[in-house]
2 protein chains.
Amino acid sequence: MPQRVETVFPDPQHDHAPCVAETLERAEKIFKNNGLSLTPLRRQVLQEVAGSHTAVGAYDILERLAQKGGRRLAPISVYRALDSLVAAGMVHRLESRNAFFACHVSHAGDRRQIVLACETCSAVAEVPGGSVFDGIGAAAAASTFKPTRTLVEVIGVCGRCQAGVPV
Amino acid sequence: MPQRVETVFPDPQHDHAPCVAETLERAEKIFKNNGLSLTPLRRQVLQEVAGSHTAVGAYDILERLAQKGGRRLAPISVYRALDSLVAAGMVHRLESRNAFFACHVSHAGDRRQIVLACETCSAVAEVPGGSVFDGIGAAAAASTFKPTRTLVEVIGVCGRCQAGVPV
DNA sequence: GAGGGATTGTTATACCATAACAGTCAGCCA
DNA sequence: TGGCTGACTGTTATGGTATAACAATCCCTC
Ligand SMILES: [Zn+2]
Ligand SMILES: [Zn+2]
Ligand SMILES: [Zn+2]
Ligand SMILES: [Zn+2]
C-alpha cells in the first residue's frame, strides 16, 4: 500500500490538465487587468512551462514549440514571452539553474515565497516564507541595505525522491 | 561633514591591499590543509576576484589576466581555477548574476550567509543568516524536502548608493 | 490620419560554461 | 629504479544562455 507523503510536490500521476487550464485562465485575467493581452505566442510558451511542475530552459521551450508548431521561433521571441509572463507573475525564474517554472499557486503579487527545487526529479514548488523574508529584510536593514528583490532557493531532494520512487 | 554609514559595505576609498593580502594568506592555508595547493594560476584568479568587493564574471577575469599577463588563457582554465576556489570557500558564486565574488569574511565553512548585492555599484557583502536559514530549513522540512544547498541573495541598493554617492 | 504603445519578426552577436583528451610534475611505494 | 597515482594545466572544440538593434504590424485614441 502506497504511503502518504506530506508535500507540496504534487503526485506525478495527478491529472495535470486542470492545473494548466486554471493557470491559463488566471494569466488571461492578469494580462487583461494590466492592459496587456495573453497573445497566442505567450499562451503557447506558458502552456509549455506550465505543462509540468518542473523548471524548463528557454531553449527547451523553443525546441518543444518547434516540434509541435512547425515553424521555428527565434530565441528572443521565447525570451520576450517569458519576460512578459515573469512580469505578470505567472512564471518565475529559477536563478540557480537559469530556468523557468510556472506559478501554480496564485500568491497574488506576494513575492515572499521560498522556492524548493528537487535536484533528482527537477520538480519545483513554492511555499510561503513571510517570516523568513522578514528576517532577511531585518538583516538587510541592519546593514542599511534596501532590497528590491529577494531570492530564496533551496536545492535538495523532494519527499517523493527521498522515498525512492522509481524513475 | 561626511555622515557615518553603518554598513558591511566597505568604503571604496579604503586601503584594499590588506584585504587582498589577508585573503591570499587564508587561501594558501586552506588549500594546504586540504592537500592541495594555491598554484600561480589560482592565485592570479583569486587576486582578480578579490581585487574588489564586487562580483565579476569569469570572462572579465580572463580579460584582465590577458591584459596583465600577456598570454591569453582558455576560458576553461579560469573556470577550473574558480571551481577550486569556490570549493575552498574562498570565492562564492552570485547565482542571480552568473558571477563570482571573493569571500573576505572567513565564515569558516558555515554557508548560512545572506548575500547582499548592490545593483548600482555592484558591491557584494555577506551577513550571517543563522536564524533565517533555520526558518528556511523548517519550511523545507514541513514539506518533507531535504535541502542540500540553500541560496539567499538580496538584490538592492547599498547604503552608500542610497546616500547618493557620486559615481 | 497622425501619433503612440504593444507586439512580433529578423538578423546578428555577446556572454556563460563544459566535454574530451593529452601532457607534465611530484610523491609514494613495491 | 621504475611504475603508479593524483593533481594540475594546456588545447581544441562545442554547447547553452541571453540580448542588441532595427523593422513591421496592429490597434487605439486624440
Ligand atoms: Zn509563484
Ligand atoms: Zn524529486
Ligand atoms: Zn563568504
Ligand atoms: Zn552600491
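Residues numbered from 1 in each chain as written. Chains lettered and ligands numbered in written order. Predicted model: local features only at pLDDT ≥ 70, side-chain atom pairs only at ≥ 80, totals over all residues. Heavy atoms only, no water.

Q: Looking at this model, I keep getting lost on the packing of aromatic side chains. Mind explaining?
A: Ring pairs (aromatic) are described by centroid distance and by the angle formed between their planes. Under the criterion given, the structure shown has 4 aromatic pairs over all chains. Centre to centre, the rings of A:Phe9 and B:Phe145 are 5.7 Å apart; their planes meet at 10°, and the pair counts as stacked. Here A:Phe9, found in the segment before helix H1 (17–33), pairs with B:Phe145, found in the loop between helix H5 (130–142) and strand E5 (146–157), and the two come from separate chains. (Phe/Tyr/Trp six-rings, centres within 6.5 Å; stacked < 30°, edge-to-face > 60°. Helix = DSSP H or I, 4+ residues; strand = E, 2+ residues; numbered from the N terminus.)

Q: I tried to follow the coordination of the zinc ion (ligand 3) on my own but got confused; where do I start?
A: Octahedral metals with six donors have ideal donor angles of 90 or 180 degrees. Tetrahedral metals with four donors have an ideal donor angle of 109.5 degrees. Residue and element names in this part refer to chain B. Summarising the metal site, the zinc ion (ligand 3) is bound by the protein donors His92 (NE2), Cys103 (SG), His107 (NE2), Glu126 (OE) and Glu126 (OE), whose distances to it range over 1.9 to 2.4 Å. Binding-site remark: the zinc ion (ligand 3) is held by donors from one chain whose sequence spacing is H-x10-C-x3-H-x18-E. With His92 in strand E1 (residues 91–94) and Cys103 in the loop between strand E2 (99–102) and strand E3 (113–118), the pair connects residues that are 11 residues apart, well separated along the chain. The class for His92 is buried, based on a relative accessible area of 17%. (Donors = N, O, S within 2.8 Å, 3.2 Å for Na, K, Ca; no water. Buried < 20%, exposed > 50% of the residue type's maximum accessible area, 1.4 Å probe, protein only.)

Q: Would you mind showing me how to read the nonpolar core here?
A: One recurring pattern in soluble globular proteins is that nonpolar side chains are buried together. Counting residues in hydrophobic clusters, the biggest one holds 34 residues, and the most contacted among them are A:Ile114 and B:Ile114. Those elements that place two or more of their residues in this core are strand E3 (113–118), strand E4 (124–128), helix H5 (130–142) and strand E5 (146–157) of chain A together with E3, strand E4 (124–128), H5 and E5 of chain B. Apart from residues no more than four positions distant in its own chain, A:Ile114 is found in contact with A:Ala125, A:Glu126, A:Val127, A:Pro128, A:Gly129, A:Val132, A:Phe133, A:Val152, A:Val154, B:Ile136 and B:Ala139. (Core = buried A, V, L, I, M, F, W, Y, C linked by side-chain atoms within 4.5 Å. Contact = heavy atoms within 4.5 Å.)

Q: What is the right way to look at the interface of chain B and chain A in this model?
A: Interfaces are often sized by the amount of accessible area the parts lose when they come together. In this assembly, 38 residues from chain B lie in contact with 38 residues from chain A. Carbon and sulfur atoms supply 61% of the area that chain B and chain A bury against each other, a total of about 2,800 Å² over both sides. The largest share of the area that chain B buries against chain A comes from B:Thr144, B:Phe145 and B:Leu151, three residues that together contribute 21% of it. The tally of links from chain B across to chain A stands at 0 salt bridges. The tally of links between chain B and chain A comes to 14 residue pairs in polar contact (both at pLDDT 80 or more). The set of elements that each furnish at least two residues to the side of chain B that touches chain A consists of E3, H5, E5 and helix H6 (159–162) of chain B. Considering each element in turn, the side of chain B that touches chain A owes the most residues, 12 residues, to E5(B). Looking at the side of chain B that touches chain A residue by residue, the classes come out as 21 nonpolar, 11 polar and 6 charged. As defined by bridge partners, E5(A) adjoins E5(B) across 11 bridges and the pair is classed as antiparallel. Residue pairing for E5(B): A:Glu153 is matched across the bridge by B:Leu151. (Buried area = accessible area lost by both parts, 1.4 Å probe. Salt bridge = Lys/Arg side-chain N within 4 Å of Asp/Glu carboxyl O. Polar contact = N/O pair within 3.5 Å; in protein donor to acceptor, adjacent residues only side chain to side chain. Nonpolar A, V, L, I, M, F, W, Y, C, P; charged D, E, K, R; others polar. Pairing = 2+ DSSP bridges.)

Q: Before we go on, may I ask you to explain the relation of the copies chain B and chain A in this structure?
A: Relating one copy of the chain to the other requires a rotation about an axis plus a shift along that axis. If you rotate chain B by 179° and push it 0.1 Å along the axis, it lands on chain A with an RMSD of 0.1 Å. What the rotation and shift describe, once combined, is the action of a two-fold rotation axis. It is B:Val152 whose C-alpha, among those of chain B, lies nearest the rotation axis, at 2.3 Å. Looking at chain B, 100% of its interface residues are interface residues in chain A too, so the copies touch through the same face. (Least-squares fit on C-alpha atoms with pLDDT ≥ 70 in both.)

Q: What should I look at first to understand the sheet that holds E5(B) in this one?
A: Working definition: the strands of a sheet are paired by backbone hydrogen bonds and lie parallel or antiparallel to each other. If you trace the 6 strands from one edge of the open sheet to the other, you get E4(A)-E3(A)-E5(A)-E5(B)-E3(B)-E4(B), paired in mixed fashion. Every other strand in the sheet has two partners, leaving E4 of chain A together with E4 of chain B as the edge strands with one partner each. Between one strand axis and the next, the sheet turns through 25° on average, direction left out of account. Here H5(A) sits on the sheet in contact with E3, E4 and E5 of chain A together with E3, E4 and E5 of chain B, set at roughly 130° to E5(A). (Axes fitted to C-alpha atoms, helices over the stretch in contact; angles between N-to-C directions.)

Q: Got a minute to help me understand the protein's contact with DNA strand D in this structure?
A: By nearness alone, 17 residues border DNA strand D, and A:Tyr59, A:Arg93, B:Thr39, B:Arg71 and B:Arg80 come closest of all. A share of 43% is what sugar and phosphate atoms reach among the atoms of DNA strand D within 4 Å of the protein. Taking A:Tyr59, its side chain carries an N or O atom lying 2.8 Å from a base nitrogen of DNA strand D. In this structure, a phosphate oxygen belonging to DNA strand D sits 2.3 Å away from a side-chain N or O atom of A:Arg93. (Near = heavy atom within 4 Å.)

Q: Mind showing me how you'd approach the packing of helix H3 (residues 58–69) of chain A against helix H4 (residues 75–87) of chain A here?
A: Working note: a packed helix pair is described by the angle between its axes plus the distance between those axes. Residues and elements named next belong to chain A. At their nearest, the axes of H3 and H4 sit 9 Å apart, and the two run at 115° to each other. Between H3 and H4, the angle is such that the two are roughly perpendicular. Relative to H4, the crossing made by H3 is right-handed. Side by side, H3 and H4 meet where Ala58, Tyr59, Ile61 and Leu62 of the first sit next to Pro75, Val78, Tyr79 and Leu82 of the second. (Parallel < 35°, antiparallel > 145°, perpendicular 65-115°, else oblique. Left-handed = near helix turned anticlockwise from the far one by under 90°.)

Q: Sorry if this is basic, but what is going on with the domain arrangement of chain A here?
A: Residue and element names in this part refer to chain A. Here chain A is described as being made up of domain 1 (17–102) and domain 2 (113–163). The C-alpha centroid of domain 2 is placed 22 Å from the C-alpha centroid of domain 1. Taken together, the contact between domain 1 and domain 2 spans 10 residues of the former and 12 residues of the latter. Interface area, domain 1 with domain 2, both sides summed: about 830 Å², of which 54% is carbon and sulfur. Across the domain 1-domain 2 interface, the total number found is 1 salt bridge. The salt bridge involving Glu95 is made with Arg149; its shortest N-O contact spans 3.1 Å. (Domains from an automatic or database assignment.)

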